[in-house]
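Observations on the three-dimensional arrangement
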Amino acid sequence: MADDTTASHRRDPIKSSVGSVAGQRRRQNAITVGKERRESLVRAKRLCRVGTNGDSVDPLDSEMIIDEEQPILEAQTSAAVEELKSAAAHQGKGAWQKRVSALRELRRLLSRSEFPPVDAALKAGAVPLLVQCLSFGSPDEQLLEAAWCLTNIAAGKPEETKALLPALPLLIAYLGEKSSAPVAEQCAWAIGNVAGEGEELRNVLLSQGALPPLARMMLPDKGSTVRTAAWALSNLIKGPNPKAANELIRVEGVLDAIIRHLRKADDELATEVAWVVVYLSALSNIATSMLVKSDVLQLLVERLATSNSLQLLIPVLRSLGNLIAGDSQTTHAIIAPGNEITGNIIEVLVKCLRSEHRVLKKEAAWVLSNIAAGSIEHKQLIYSSEAVPLLIRLLSTAPFDIRKEVAYVLGNLCVSPITPTEGDGKPSLILEHLVSLVVRGCLPGFIDLVSSVDTEAARVGLQFMELVLRGMPNGEGPKLVEKENGIEAMERFQFHENEDLRIMANSLVDKYFGEDYGLDD
């Protein structure tokens, strides 16, 4: 179905080739952002040090394990599994107390080190015993300790995580409403770790029905439970297949819960919910449409305006960008002169451009590039805002990845969305914007991009140079480009392996710097 997946929704910016490259990034972001997000903020897998019932590891056990102690820890873990085998086989008086005691010792050992002795536990045969301890009718304390052990095993290496496959049906079963909240939450945590391993295990979980009960765990206002469920769901739906995102947004009550949590929750819970919105809006057109028609956009803007938590601001800003990069008709309806939310969106993006955090600057520029690729009114909104001086400064001073995003914004401000009437198909200019940006010193920044090894950045730089060469009044363009060493930058493409860039650069040199160039002087 056409509605089930996202397409390239970016409107044509400087040229259509740039539009197609930039437009694909919404979906690419969804596939790669998990790695970025978890490595820099919250690991894709979370080691459980404090149980969902409030129990925690003994402070003495939580001290760092030095390399010399690791073999001792592994030997203790193997012994603990043997003790659990004995306890599991015991059927007499006090049997469940023995099992709980053995489980607690194994859990304690699996929680001690930043790199738990998972391999030792698996080799000793822990998983079948833990599955046995999850059998229906077991007391909650036993279920909780077993799920906690499985949670930390799932936080291990890929092959260690896959060892949990026999436990998945029972872990999913305990997500249901008949389970106690601590047991359900601990099982959700284990499932989140499994889902964080990769697409293969996500597909297994989805095929076994993990999504609906996890989604229902998001519906109440129980902070810890909702937070864990949202984190597990963000791992479960992050694609690249959009089927899970489509399924999640259709679960009754989920959209209302997302809105409620974004409006009322503390930063920690709102962060996890915002990551769910990131993947929904990146992967599913159905979800994007439903989110845009709700209060989510306004709530995202409010969070950006009021929070200083980097962990929250990143997913909120990316969600906002995904929604704005969606259906162009929706964007036109939302971001329009006179709409209160329009001014608010520009204000929060300016706030992010001013931030000291590199990720926020880059994300804000990406969002602005989507807006700037829109209508004349959209371009005017940005051009007349406080964003432009910040963008011009960032173009010359920021790290390369930010400069590339900024170039999209500034370049898009200079071209009209109106279909060109000229035979060569080149975009129409917004001359006022072009002249102003060149006078304010942005041309050297674009020429620097032409000189880079990044072909996408070089393309944007060449396209802006074409605008300058063609559009600056009184034929000033060639002289300005020559003054900033633009000719040398283009000549490096004379024999370049990229045919598009080679043709683009050579044609500009031939047209504007041919044999007759400079004769009038």
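Residues numbered from 1 in each chain as written. Predicted model: local features only at pLDDT ≥ 70, side-chain atom pairs only at ≥ 80, totals over all residues. Heavy atoms only, no water.

Each helix and strand counted, the chain has 31 helices and zero strands in total. For the chain, buried positions account for 57% of its 521 residues. If you take every contact in the chain between residues at least 6 apart in sequence, the share linking residues at least 24 apart comes to 73%. For the chain, the accessible surface area stands at approximately 21,800 Å², while carbon and sulfur atoms represent 51% of it. (Helix = DSSP H or I, 4+ residues; strand = E, 2+ residues; numbered from the N terminus. Buried < 20%, exposed > 50% of the residue type's maximum accessible area, 1.4 Å probe, protein only. Contact = heavy atoms within 4.5 Å. Areas by Shrake-Rupley, 256 points an atom, 1.4 Å probe, with all protein chains shown as cover.)

With that settled, consider unusual backbone geometry. Cis rather than trans, the peptide bond between Gly239 and Pro240 has omega equal to 15°. Structurally, the position occupied by Pro240 is in the loop between helix 13 (223-236) and helix 14 (243-250). Backbone geometry at Asn474 places phi at a positive 60°, although glycine is not the residue there. Mapping Asn474 onto the fold places it in the loop between helix 28 (455-471) and helix 29 (477-483). Even without being glycine, Asn485 reaches a positive phi, approximately 65°.

What follows concerns the packing of aromatic side chains. Throughout the structure, instances matching the rule amount to three aromatic pairs. Aromatic pair Phe136 and Tyr174: ring centres 5.6 Å apart, planes at 50°, arrangement tilted. Within this pair, whereas Phe136 is found in the loop between helix 6 (126-133) and helix 7 (140-154), its partner Tyr174 is found in the loop between helix 9 (168-173) and helix 10 (181-195), the two being separated by 38 residues in sequence. Judged by its relative accessible area of 62%, Phe136 falls in the exposed class. One Lys or Arg, Arg107, reaches over the ring of Trp148 and ends 3.9 Å from the middle of that ring. Across the ring face of Phe493, the terminal group of Arg492 is positioned such that the distance to the ring centre comes to 4.6 Å. (Phe/Tyr/Trp six-rings, centres within 6.5 Å; stacked < 30°, edge-to-face > 60°. Lys NZ or Arg CZ within 6 Å of the ring centre and 35° of its normal.)

Moving on to the environment of Arg104. Within the secondary structure, Arg104 is located in helix 4 (residues 95-110). Arg104 gets classed as partly exposed once you look at its relative accessible area, which sits at 32%. Sequence separation between Arg104 and Leu144 is 40 residues, and the spatial gap between their C-alpha atoms is 9.6 Å. Every residue in contact with Arg104, bar those within four places of it in the chain, is listed here: Glu141 and Glu145. A polar contact of 2.4 Å, which involves the side chain of Arg104, links it to the side chain of Glu141. (Polar contact = N/O pair within 3.5 Å; in protein donor to acceptor, adjacent residues only side chain to side chain.)

Next up on the list: the confidence of the model for the chain. Across the chain, the average pLDDT comes to 86, with 84% of residues at or above 70. In the model of the chain, helix 1 (residues 16-23) stands out as the element of lowest mean pLDDT, 36, in contrast to helix 9, which has the highest, 98. Every residue in residues 1-12 is under pLDDT 50, and counting partners more than four places away or in other chains gives 48 contacts. Contacts from residues 30-43, a stretch scored under 50 in pLDDT, to residues over four places away or in other chains number 31 contacts. (pLDDT = per-residue confidence, 0-100.)

Our next topic: helix 10. For helix 10, which comprises 15 residues, the first-to-last C-alpha distance of 21 Å matches the rise-based estimate of 21 Å (1.5 Å per residue) to within 8%. Counting buried positions over the 15 residues of helix 10 gives 13, a clear majority of the element. (Expected span 1.5 Å × (residues − 1).)

Position of Cys187 relative to the elements: it lies in helix 10. When its relative accessible area of 0% is taken as the criterion, Cys187 is described as buried. Separated by 16 residues in the primary sequence, Cys187 and Leu171 place their C-alpha atoms 5.3 Å from one another. With sequence-adjacent residues up to four places away left out, Cys187 is seen in contact with Ala147, Leu171, Tyr174 and Leu175.

Right, let's get into helix 25 (residues 400-413). Over its 14 residues, helix 25 runs 20 Å from end to end, which matches the ideal 20 Å to within 8%, given 1.5 Å per residue. For helix 25, the tally of buried residues reaches 13 of 14 residues, placing the bulk of the element in the interior.

For the rest of this paragraph, the subject is the packing of helix 27 (residues 443-450) against helix 28. Two numbers describe how helix 27 lies on helix 28: the axes approach to 7 Å, and their chain directions differ by 135°. Considering their axes alone, helix 27 and helix 28 lie oblique with respect to each other. The two elements helix 27 and helix 28 cross, and the hand of that crossing is left-handed. When helix 27 is examined against helix 28, the residues Leu443, Phe446, Ile447, Leu449 and Val450 are found in contact with a partner set consisting of Ala457, Ala458, Val460, Gly461, Leu462, Phe464, Met465 and Val468. Residue composition of the contact of helix 27 with helix 28, by class: twelve nonpolar, one polar and no charged. (Axes fitted to C-alpha atoms, helices over the stretch in contact; angles between N-to-C directions. Parallel < 35°, antiparallel > 145°, perpendicular 65-115°, else oblique. Left-handed = near helix turned anticlockwise from the far one by under 90°. Nonpolar A, V, L, I, M, F, W, Y, C, P; charged D, E, K, R; others polar.)

Structurally, the position occupied by Asn235 is in helix 13. Among the polar contacts listed, one links the side chain of Asn235 to the side chain of Lys238, at a separation of 3.2 Å.

Now for the environment of Trp366. Relative to the helices and strands, Trp366 is located in helix 22 (residues 358-372). For Trp366 and Ala407, which are 41 residues apart along the polypeptide, the C-alpha to C-alpha distance reads 10.0 Å.

The subject of this paragraph is the pattern of salt bridges. Scanning the model with the defined rule gives 18 salt bridges in all. The residue Glu105 makes a salt bridge to Arg108 at a minimum N-O spacing of 2.7 Å. A residue pair is termed a helical-turn pair when its members lie 3 or 4 positions apart in one helix, as Glu105 and Arg108 do in helix 4 at three residues. The partner of Arg227 in a salt bridge is Glu268, and the shortest N-O contact between them spans 3.6 Å. (Salt bridge = Lys/Arg side-chain N within 4 Å of Asp/Glu carboxyl O.)

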